[in-house]
Amino acid sequence: MAFPSDRPRRLRQSPAMRRLVAETHVRSSQLILPMFVAEGITEPRPIASMPGVVQHTRDTARKAYAEAAALGLGGVMLFGVPEHKDAQGSGALDPDGILNVALADARAEVGDDLLVMSDLCLDEFTDHGHCGVLDDQGRVDNDATLEIYAQMGVVQAESGAHVVGPSGMMDGQVGVVRAALDQAGHSDTVILAYAAKYASAFYGPFREAIGSSLQGDRKTYQQDPANAREALREALLDVAEGADIVMVKPALAYLDLIPLIRSHVTVPVAAYSISGEMAMVEAAAANGWIDRERTIDEVITSIRRAGADIVLTYWAAELAARLNR
Ligand code: PBG
């Protein structure tokens, strides 16, 4: 009988042995918590399709920023939910608009102890729900949108964002935001570019989270799920335009793109474990079909193992609390 001479099982025999040889670690400092802050509400409003996630009031959000800092998270990524929307998304440029006041609150609360990041996109602010303004035929107008993004970047930096995250997938968005920030004296503001962002069905719960009024889809600006080379093209363009960090989104269904991009750029790579990914896990766990904590650990570890340096996840605070214990 030929018994095996090489026995990989030897290194799996106990928790201590497995800990010794674990190749991938998740640290609180690598996790970013996305948060929703709503205008005109007095109590946090639960988001049914994202169990445990709420639309915060400015006050409850402040507590969450302090908690995130105490947990040693890498940062918070803020999304604003305005009371009124219009075709131009003008709430995005208003220094008193919900996202901008939330950024200021966050900086007042945490200073430089926690990185304050902001979504830089118009979909939360437009009544048609698109990420940009529309032309006279109802198409998303790339270059008219860029002019607004440039101003938005400056307003967000002036409100307190350490990091801005252009997420609208307009061509040239990183370049115009970088130029506008530099010109306004914000050369230290970091750009986390949503470089490879797909037209994904997994964004479903997010639409509820921001009260989106989107009709139709985003297929003329977000990427086709069939394409991988195109993700590399997008990431390289963003780096050339001045992105400090590039992101892949969604994460799980696009894990193959993380090592692809990681091996072609020298900047940090982030991945966003999005609303639909968390909703699937929460729904299955609520039915008793999977072990919730083990599944969460496995999902986030797999995104790190694929090569993401940074992970955006709605479970960031919960995970950090578990890691710190
Ligand atoms: C655009 C934006 C979206 C998400 C983050 N930024 C929605 C979209 O592009 O349709 C989705 C995040 C998630 O689903 O968790 N502002």
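Before reading further, recall that the structure is shown in the block above.
A. A look at the nonpolar core. Within the largest apolar cluster, 103 residues are counted, with the highest numbers of intra-cluster contacts made by Phe36, Tyr65, Ile261, Ile300 and Ile303. Discounting residues that sit within four places of it in the chain, Phe36 has contacts with Ile47, Met50, Val53, Val54, Gln55, His56, Phe79, Val81, Phe206, Ala209, Ile210 and Tyr314.

B. View of a positive patch on the surface. On the surface, Arg7, Arg9, Arg10 and Arg12 cluster together into a positively charged patch. Among the secondary structure elements, Arg10 is positioned in the segment before helix H1 (15–21).

C. Just the side chain of Thr295, in detail. Secondary-structure assignment places Thr295 in helix H10 (residues 292–306). Taking relative accessible area as the criterion, Thr295 reaches 18% and is therefore assigned buried. Once residues lying within four places of it in the same chain are set aside, the contact partners of Thr295 are Val281 and Ile290.

D. Expanded view of the side chain of Ser159. Tracing the backbone through its elements, the reader meets Ser159 in helix H4 (residues 142–159). Taking the relative accessible area as the measure of exposure, Ser159 reaches 11% and is therefore buried. Here Val155 takes part through its backbone oxygen, which lies 2.8 Å from a polar atom of the side chain of Ser159. Leaving out residues up to four positions away in the same chain, Ser159 has contacts with Asn100, Leu103 and Ala104.

E. Up close: the packing of aromatic side chains. Taken as a whole, this structure holds seven aromatic pairs when the rule is applied. Each ring, one from Tyr272 and one from Tyr314, has its centre 6.1 Å from the other, and the planes form 45°; the classification is tilted. Of this pair, Tyr272 sits in strand E9 (residues 269–273) while Tyr314 sits in the loop between strand E10 (310–313) and helix H11 (316–324), placing them 42 residues apart in sequence. In terms of burial, Tyr272 and Tyr314 fall into one category: buried. In this structure, Lys197 is placed above the aromatic ring of Tyr203, and the distance from its NZ or CZ to the ring centre is 5.6 Å.

F. Structural detail: H10. End to end, H10 covers 21 Å across 15 residues, agreeing with the expected 21 Å (1.5 Å per residue, within 8%). Of the surrounding elements, those touching the buried residues of H10 are strand E1 (31–38), helix H8 (257–262), E9, helix H9 (275–286), E10 and H11. A side-chain oxygen of the first residue of H10 lies 3.2 Å from the backbone nitrogen of Glu293; this N-cap is Asp291. Positive phi appears at Gly307, one or two residues downstream of H10, with a value of about 125°.

G. Looking closely at the pairing of strand E6 (residues 163–166). Going residue by residue along E6, you find Val163 and Gly165 tucked away on one face and Val164 and Pro166 tucked away on the opposite face as well. Note that strand E5 (residues 115–120) and E6 share four bridges and pair parallel. Paired with Asp119 across the two strands is Gly165, which belongs to E6. The handedness of the E5 to E6 crossover, carried by H4, is right-handed. As defined by bridge partners, E6 adjoins strand E7 (residues 190–197) across two bridges and the pair is classed as parallel. Bridging across to E7, Val164 finds its partner in Ile191.

Calculation rules
- Residues numbered from 1 in each chain as written.
- Predicted model: local features only at pLDDT ≥ 70, side-chain atom pairs only at ≥ 80, totals over all residues.
- Heavy atoms only, no water.
- Core = buried A, V, L, I, M, F, W, Y, C linked by side-chain atoms within 4.5 Å.
- Buried < 20%, exposed > 50% of the residue type's maximum accessible area, 1.4 Å probe, protein only.
- Contact = heavy atoms within 4.5 Å.
- Patch = residues over 30% accessible without salt bridge, like charges linked within 9 Å, V, L, I, M, F, W, Y side chains within 5 Å.
- Areas by Shrake-Rupley, 256 points an atom, 1.4 Å probe, with all protein chains shown as cover.
- Salt bridge = Lys/Arg side-chain N within 4 Å of Asp/Glu carboxyl O.
- Lys, Arg positive; Asp, Glu negative; His and termini not counted.
- Charge placed at Lys NZ, Arg CZ, Asp CG, Glu CD.
- Helix = DSSP H or I, 4+ residues; strand = E, 2+ residues; numbered from the N terminus.
- Polar contact = N/O pair within 3.5 Å; in protein donor to acceptor, adjacent residues only side chain to side chain.
- Phe/Tyr/Trp six-rings, centres within 6.5 Å; stacked < 30°, edge-to-face > 60°.
- Lys NZ or Arg CZ within 6 Å of the ring centre and 35° of its normal.
- Expected span 1.5 Å × (residues − 1).
- Pairing = 2+ DSSP bridges.
- Right-handed = clockwise from strand over helix to strand, strands pointing away.

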